[in-house]
Amino acid sequence: MRLSILSTAVTIFCLYFFQKAQFPKLNEAFVPANIEAEECLTDLYLQQQLAMSPSFKKEHEKTEEQALRFFRSYYGRGEKSLLGGFTLPIVIHVIHQNGPENVPDWQIIQAIEWLNDGFENINYYDQGVGVNTGIQFCLAKRDPDGNATSGINRVQSPLTNVTDDLAMKNLSRWDPTRYINIWLVADANGAGGYSTLPASHGSPTDGIVMKAEKIMNVGSGHSTMIHEMGHYLGLNHTFNGGCTNNDCLVDGDKVCDTPPDGSTAPPPACSISINSCNTDTNSGFPTDQDDLTWNYVDYGNYSCRAGYTQGQADRMCYFIENVRSSLLNTDACLDPCPNPFIASFNSSATDIMLGETVNFLNTSTGGNNYEWQIDGNVFSNNTNANYVFNTGAGDFVISLMATVADPNCTEIYYDTVHVECPAVASFTAMNLETVSGGTIGFINNSSNANNYEWLIDGVVFSTNTNASYTFPSVGRYKITLIATDISGLCQEEYSLFVNVSCMAASFTSSDLFPAPGDNVGFINTSQGGNSYTWTINGNIESNNTDFSFSFPNAGVFSVCLEGVNGNCEDVFCQELFVFESGGGECEGTFVRRIGNSLADEQAYFLLPYKNGNFIIGGRDDTRSILLEVDASGNILTQRAIDFTNGNDFIRYLIVDSESYLIGATRDQPDASTVNHVFKYDFENDDFIWVR
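The following refers to the structure shown. For clarity, every value in this text was computed on a predicted model and none was experimentally measured.

## A word on a nonpolar patch on the surface
Move 1: Nonpolar side chains collect at one region of the surface, where Val397, Ile412 and Tyr414 lie side by side and expose about 270 Å² of accessible area between them.
Move 2: Tracing the sequence through the fold places Ile412 in strand 15 (residues 410-420).

## Some thoughts on the pattern of salt bridges
Move 1: One pass over the full model with this rule turns up 15 salt bridges.
Move 2: One salt bridge connects Arg324 with Asp206, and the closest N-O pair in it is separated by 2.8 Å. One end of the pair, Arg324, is in the loop between helix 6 (310-322) and strand 8 (345-347); the other, Asp206, is in the loop between strand 6 (193-195) and strand 7 (208-211), with 118 residues separating them in the sequence. You'll find Arg324 and Asp206 in the same group, each marked buried.
Move 3: One salt bridge connects Glu658 with Lys679, and the closest N-O pair in it is separated by 3.2 Å. A residue pair is termed long-range when its members are at least 10 positions apart, and Glu658 in the loop between strand 35 (648-655) and strand 36 (661-667) and Lys679 in strand 37 (residues 676-681) qualify at 21 residues.

## Let's talk about the sheet that holds strand 21 (residues 467-470)
Move 1: With antiparallel pairing, the three strands of this open sheet are ordered in space as 16-18-21. The open sheet has two edge strands, strand 16 (427-429) and strand 21, and neither has a second partner. Across this sheet, the average inter-strand angle for adjacent strands is 20 degrees, counted without regard to direction.
Move 2: Where strand 16 lies against strand 18 (residues 439-444), three bridges are found, and the strand directions are antiparallel. Each bridged residue has a counterpart across the sheet, and for Thr428 the counterpart in strand 18 is Ile443.

## A word on the environment of Gly563
Move 1: Inspection of the secondary structure assignment puts Gly563 in strand 29 (residues 555-565).
Move 2: Among the residues examined, Gly563 registers a relative accessible area of 0% and is labelled buried.
Move 3: Between the C-alpha atom of Gly563 and that of Trp534, which follows or precedes it by 29 residues, the distance is 9.0 Å.
Move 4: When neighbours within four sequence positions are excluded, Gly563 is seen to be in contact with Met503, Ala505, Ser531, Tyr532, Cys568, Glu569 and Asp570.

Parameters and conventions
- Numbering of residues begins from 1 in every chain and follows the order in which that chain's sequence is written.
- Owing to the predicted nature of the model, reporting of local features is limited to residues with pLDDT of at least 70; listing and counting of side-chain atom pairs is limited to 80 or more, with chain, interface and lining totals taken over all residues.
- The side-chain figures draw on all heavy atoms in the structure; neither hydrogens nor water molecules are used.
- Residues form patches when they are more than 30% accessible in relative terms and have no salt bridge. Like charges link within 9 Å. Nonpolar side chains (Val, Leu, Ile, Met, Phe, Trp, Tyr) link within 5 Å.
- Residue burial considers only the protein chains on display, and all accessible areas are found by Shrake-Rupley using a 1.4 Å probe.
- Here a salt bridge means any side-chain nitrogen of Lys or Arg lying within 4 Å of a carboxyl oxygen belonging to Asp or Glu.
- Only DSSP runs of H or I with at least four residues qualify as helices, and only runs of E with at least two residues qualify as strands; both kinds are numbered from the N terminus onward.
- When a residue's accessible area, from a 1.4 Å probe over protein chains only, is under 20% of the maximum for its type it is buried; when over 50% it is exposed; and in between it is partly exposed.
- Note on pairing: DSSP must find at least two bridges between two strands before they are called paired.
- Every angle, taken between N-to-C directions, lies between 0 and 180 degrees, and every axis is a line fitted to C-alpha atoms, over only the stretch in contact when it is a helix.
- Any two residues whose heavy atoms approach within 4.5 Å are treated as being in contact.

This is the structure we're talking about:
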């Protein structure tokens, strides 16, 4: 019924979203019988996060879906492997109580060398089965402020026995978008270690936690760090998902050259094969395969661990390039600059119209070579620069790179310039509702534009300045006007929705405010109906097309017209206020005529104001309107405000503690444009702000 009243990431802790929660000790019920199954808690870490944070679950699923789409396309093109060539910075946080967990620097340095050997598949770690992943690591040489560092921080705390993951990590953390944080502790929740996966990139918990004694092992016994780094870069355990293998990019560990694995049991000896699944040929392999008990993210004997596959290397490289790419944009692996300086510049403007020029004044404290870029493209090598923004609207990133002869001394400064398109797209619909077969005209109110495209649900139907459309069937349609500016370099768009029904009931009244005994005529203006029923306060009064009625007494009467066309029906109602028009002021309950009943006026909000008065908010034709009325309904002040070039109206209104009006406007009821909110001093006719 329509009523017309014209009187008024894979693994991350729940702390990814900055919520504090404990990461508890494992209950024995969750620990497999094999003692080495306690080696890694990454899977449990993920399960807890997915269960505790629906928003993270959504982010994790999005990250995995993006990886799946990439590899379906990548391998579908017949590509063989991704190229690595990455070096990623690590910072080690030693959390200790002066026990054996306070490992010396030399052992940490040795551990990073072994980590690199494992990922490169060289020296001890070349057992003839793995591949060179193309990924290397460095202990950070620069701290977050650019100062020299060993890449090793030491903090004395009882939290070295981890029971609260975030509290421990809060003791020492460097920017997780620029460094791989690794915390060495005495007790990592009873395990050898655990890690977040790429979906947690940049979060407070992002990084790896390891039992410190694990880095002191030699050879394959040291592989805990290699194992957890694999998780950090996106790898799952090879036994995840058991033997299910309908699609090797979806099932199991999501890697197609690691066969399905239904067991975490280690072989009695590295030379003895285990084959726990017979589903290998379902996806990924032409023949049945043995389990990869030698893989770094399997739960085989330490002495059997010897490599990663090419598919695993590809997956890690993908996540480095696409999710953890900020680790590639850091100078943490470079020696510090011996004479540091700061790159900076001032922009003459940062919010401009298309075609305007911005001047950039270099204010760097050092450097003798400069490179100016816009969105990564060089546009000047001068000390100062300027740029004419004439390629389109949007946000453009300007960078200044300042360098000296020393390759370790490079500084970059960024600023953003917002370029606005001068074109303003806007139009008015002659009607927002019609019936199937009905035609609606659209009047173009755009400015600073000379080319137009009209679209219905994304399909162009006109390129004229104004347009009309005949709607063939019932539905809800999105009408969009794309206006191209005079230069042809940018576009703006404006949309609204039209509802098309099989019929639309409507009527006009000869008088909305009659006196008792007056006869009021109702003219049927419905579209698409072939039979009608008129009711007053729910009582049937007529089945004629048009109708008239004499109201016997004062009161509020609801006049409704129901139109029918086959299986379609619609109802339209109007409220009529019947009252004695005597002299003097009304007392108690009253109805007061406000405005012009023949004009296109509507009121949306009525709220108390100062001195017992009221504020009414609505619209007068195409403008927003605000009225102050007293307790007897007399208009004290009336103001019309044109916020937009469309049919705007006051949509929401409140009075704040300072008696200012806080309101929101819209440009037509179903418009999809950004409209306005405001703070207004009604008494002094002064807008405090408009957004």
